[in-house]
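Chain residues, written in single-letter form:
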Amino acid sequence: MMSEQAGQATSPRPAAGDRLRVGIVAGESSGDQLGAALMAAIRERRPDAQFMGVAGPKMIAAGCEEWAPAEELSVLGLAEVLRHAPRLLRLRTRLAKRFLETRPDVFIGVDAPGFNVDLLAGRLKEAGIPTVQYVSPQVWAWRQGRVRTIGRACDLVLCLLPFETQFYSQHRVRAVFVGHPLADQIPLEVDRESACTALGIDPNATVVALLPGSRLGEVERLSADFVGAAAWLEAKRPGLRFVAPMASPRVRTVFERQIGAAPQAPAIQLFDGQAQSVLAAANAAIVASGTATLETLLTGRPMVVAYRISALSAFLVRTLGLVKVPYFSQPNLLIGRRLVPEFIQEAVTPAALGAALLNELEDRAYSDELKREFARVHVTLRCGGAALAAAAILELVEERRA
């Protein structure tokens, strides 16, 4: 049995002429980023490795053979998944057929658990292909019964958060804490002045970053309130500078439409990508719940978190009592208490977001407490995430070949 920390794992030595073939499916931009880092870490140990599957631009640039784009898996919420089910099932059928014909040495699902775990991995595992889920579903937070599905579908779960392995251990599912690659990529001390200079932003300005998400659905649901919050803040504290990194051209189009529709929208400078640089240049941020909240934490910037799914999905979650944690944002889950302001569904309003952010800007003691807690979490997650993940995956491959 593999230890909970994979740092002591030894990399398998390839047989002569034996190439490592890796099937990989990553969902949306965060999965693409994680997948590219994982590919690089695997190639450090196995330069011969070949990758194929569902990939975003970073993974494609790293050499993954693209069978479908990562954005095809950008679906959020129970009702949304149901609406897209026919398309996702067709994609599952196509991918399963190709993976079963190619017979990779291992299959890695990067995030997108609704597709990777629920639809694809189990089929491949039944056919004898070792399966790994990189990024645990938040099964400890809601729909805990899914852990049985995960155990049947996955030979190994790679956890980015330290408390997740205990939950899996209780259910006898093999899991390893590997830390988060973003914690390794983002320095413990971020140079704000250099980031401002690189982006052409006055370092003496008070800068508020707006990150409305990467999925079109969430951007459509949150953009108006984010733009409204910027207008609210501008009215309360003139002179603030607003910046927003856009995850994709389609996201930019949606966000620009909301700016144009807001009668009193302030000037908001948009950037294509560059989320980490924009956060580094900011003094505080309003962020859609997801990986961007972790990036904001690791950058050490105070934040306000917003989350909104469709009305039908929200009704199902509340009616069925699926949520098992008192808060939803990653920073609060990692800190262990409600320290970061978080707003969900109808609580997401321009005034609520703006007032919470203004408090962070003006309450120095509170802002300092946030930064101290963020620094503590950063150190905890900074343990060579991609390298540990690669070591754990190659150990699984070696076990199956033995």
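Everything below is about the structure printed above this text.
We now turn to the structure provided with this report. Note that the structure is predicted; figures quoted are calculated from it, not measured.

A look at the sheet that holds strand β13 (residues 342-344)
Then, in step 1: Taking strand neighbours across the sheet as the criterion, the six strands line up as β10-β9-β8-β11-β12-β13 in an open arrangement whose pairing is parallel. Two strands in the sheet have a free side with no partner beyond their single neighbour: β10 (268-272) and β13. The sheet shows a mean angle of 20° between the axes of neighbouring strands, taken without regard to direction.
Then, in step 2: Examined bridge by bridge, strand β8 (residues 207-211) and strand β9 (residues 241-246) share three bridges and lie parallel to one another. Paired with Ala209 across the two strands is Val243, which belongs to β9.

As for the environment of Glu234
Then, in step 1: With respect to the element layout, Glu234 can be found in helix α9 (residues 216-236).
Then, in step 2: Dropping the residues within four chain positions of it, Glu234 is found in contact with Gly239, Leu240, Phe242 and Pro266.

Side note on the pairing of β10
Then, in step 1: In this structure, β9 lies alongside β10, joined through five bridges in parallel fashion. Note that in β10 the partner of Ala244 across the bridge is Leu270.
Then, in step 2: Where the polypeptide runs from β9 across helix α10 (residues 249-261) and back to β10, its parallel neighbour, the crossover connection is right-handed.

Regarding the packing of aromatic side chains
Then, in step 1: One pass over the structure, following the stated rule, counts three aromatic pairs.
Then, in step 2: Aromatic pair Trp67 and Phe99: ring centres 4.9 Å apart, planes at 45°, arrangement tilted. One end of the pair, Trp67, is in strand β3 (residues 65-69); the other, Phe99, is in helix α3 (residues 78-102), with 32 residues separating them in the sequence.
Then, in step 3: Accessibility expressed as a relative area gives 0% for Phe99, which makes it buried.
Then, in step 4: Measuring from centroid to centroid gives 5.9 Å for Phe167 and Tyr168, while their planes differ by 80°, and the two rings are edge-to-face. Here Phe167 matches Tyr168 in class, with each residue buried.
Then, in step 5: Through a chain of ring-to-ring contacts, the aromatic side chains of Trp67, Phe99 and Phe107 assemble into a single cluster.
Then, in step 6: Sitting over the face of the ring of Trp67, Arg98 holds its NZ or CZ atom 4.0 Å from the ring centroid.

Regarding the environment of Arg148
Then, in step 1: One can find Arg148 in helix α5 (residues 146-153).
Then, in step 2: For the pair Arg148 and Tyr168, spaced 20 residues apart in sequence, the C-alpha to C-alpha distance is 9.9 Å.

Details of the packing of helix α4 (residues 113-126) against α5
Then, in step 1: Close contact between α4 and α5 brings their axes to 8 Å; oriented N to C, the two are set at 40°. When the interaxial angle is binned, α4 and α5 end up oblique. Seen along the crossing, α4 lies across α5 with a hand that is left-handed. Contacts between α4 and α5 involve Pro113, Gly114, Val117, Asp118, Ala121, Gly122 and Lys125 from the former and Arg146, Thr149, Ile150, Gly151, Arg152 and Ala153 from the latter.
Then, in step 2: Looking at the contact of α4 with α5, its residues break down into five nonpolar, four polar and four charged.

Topic: the sheet that holds strand β1 (residues 21-26)
Then, in step 1: Pairing in this open sheet of seven strands is parallel, and the strands run β3-β2-β1-β4-β5-β6-β7 from one edge to the other. Edge positions in the sheet fall to β3 and β7 (175-177), since each of these pairs with one other strand and no more. For this sheet, the mean angle separating the axes of adjacent strands, direction not counted, is 20°.
Then, in step 2: The pairing of β1 with strand β2 (residues 50-55) spans five bridges and is classified as parallel. Pairing of Gly23 across the sheet is with Met52, part of β2.

Quick word on the side chain of Glu360
Then, in step 1: You can see Glu360 is positioned in helix α15 (residues 350-362).
Then, in step 2: Buried and without a salt bridge, Glu360 has Lys371 as its closest oppositely charged side chain, separated by 10 Å.
Then, in step 3: Leave out the neighbours within four places in its chain, and Glu360 touches Pro302, Met303, Val304, Pro341, Tyr366, Ser367 and Leu370.

Some remarks on the packing of α9 against α10
Then, in step 1: For the pair α9 and α10, the least separation of the axes is 9 Å and the interaxial angle reads 30°. One way to sum up the angle between α9 and α10 is to call them roughly parallel. For α9 against α10, the interelement crossing comes out right-handed. Contacts between α9 and α10 involve Leu216, Val219, Glu220, Ser223, Ala224, Phe226 and Val227 on the former and, on the latter, Arg250, Val251, Val254, Phe255, Gln258 and Ile259.
Then, in step 2: Its residues placed into classes, the contact of α9 with α10 shows nine nonpolar, two polar and two charged.

Some details on the pattern of salt bridges
Then, in step 1: One pass over the full model with this rule turns up 19 salt bridges.
Then, in step 2: Note that Asp368 and Arg364 form a salt bridge whose closest N and O atoms lie 3.4 Å from each other. With Asp368 and Arg364 both in helix α16 (residues 364-381), this residue pair falls four residues apart, about one helical turn.
Then, in step 3: For Asp368, a relative accessible area of 27% puts it in the partly exposed group.
Then, in step 4: You can call Arg364 exposed: its relative accessible area is 62%.
Then, in step 5: One salt bridge connects Arg376 with Glu373, and the closest N-O pair in it is separated by 2.8 Å. Taken as a pair, Arg376 and Glu373 lie in helix α16 at a separation of three residues, close to a single helical turn.
Then, in step 6: What emerges from the salt-bridge pattern is a single network uniting Arg337, Glu369, Glu373 and Arg376.

Let's talk about α9
Then, in step 1: When the terminal C-alpha atoms of α9 are compared, their 30 Å separation across 21 residues agrees well with the 30 Å that a helix rising 1.5 Å per residue should span.
Then, in step 2: Considered for burial, the residues of α9 that qualify are Glu218, Val219, Leu222, Ser223, Asp225, Phe226, Val227, Gly228, Ala229, Ala230, Ala231 and Leu233.

Rules of the game
- Residues numbered from 1 in each chain as written.
- Predicted model: local features only at pLDDT ≥ 70, side-chain atom pairs only at ≥ 80, totals over all residues.
- Heavy atoms only, no water.
- Pairing = 2+ DSSP bridges.
- Helix = DSSP H or I, 4+ residues; strand = E, 2+ residues; numbered from the N terminus.
- Axes fitted to C-alpha atoms, helices over the stretch in contact; angles between N-to-C directions.
- Contact = heavy atoms within 4.5 Å.
- Right-handed = clockwise from strand over helix to strand, strands pointing away.
- Phe/Tyr/Trp six-rings, centres within 6.5 Å; stacked < 30°, edge-to-face > 60°.
- Buried < 20%, exposed > 50% of the residue type's maximum accessible area, 1.4 Å probe, protein only.
- Lys NZ or Arg CZ within 6 Å of the ring centre and 35° of its normal.
- Parallel < 35°, antiparallel > 145°, perpendicular 65-115°, else oblique.
- Left-handed = near helix turned anticlockwise from the far one by under 90°.
- Nonpolar A, V, L, I, M, F, W, Y, C, P; charged D, E, K, R; others polar.
- Lys, Arg positive; Asp, Glu negative; His and termini not counted.
- Salt bridge = Lys/Arg side-chain N within 4 Å of Asp/Glu carboxyl O.
- Expected span 1.5 Å × (residues − 1).

By themselves these figures say nothing about function.
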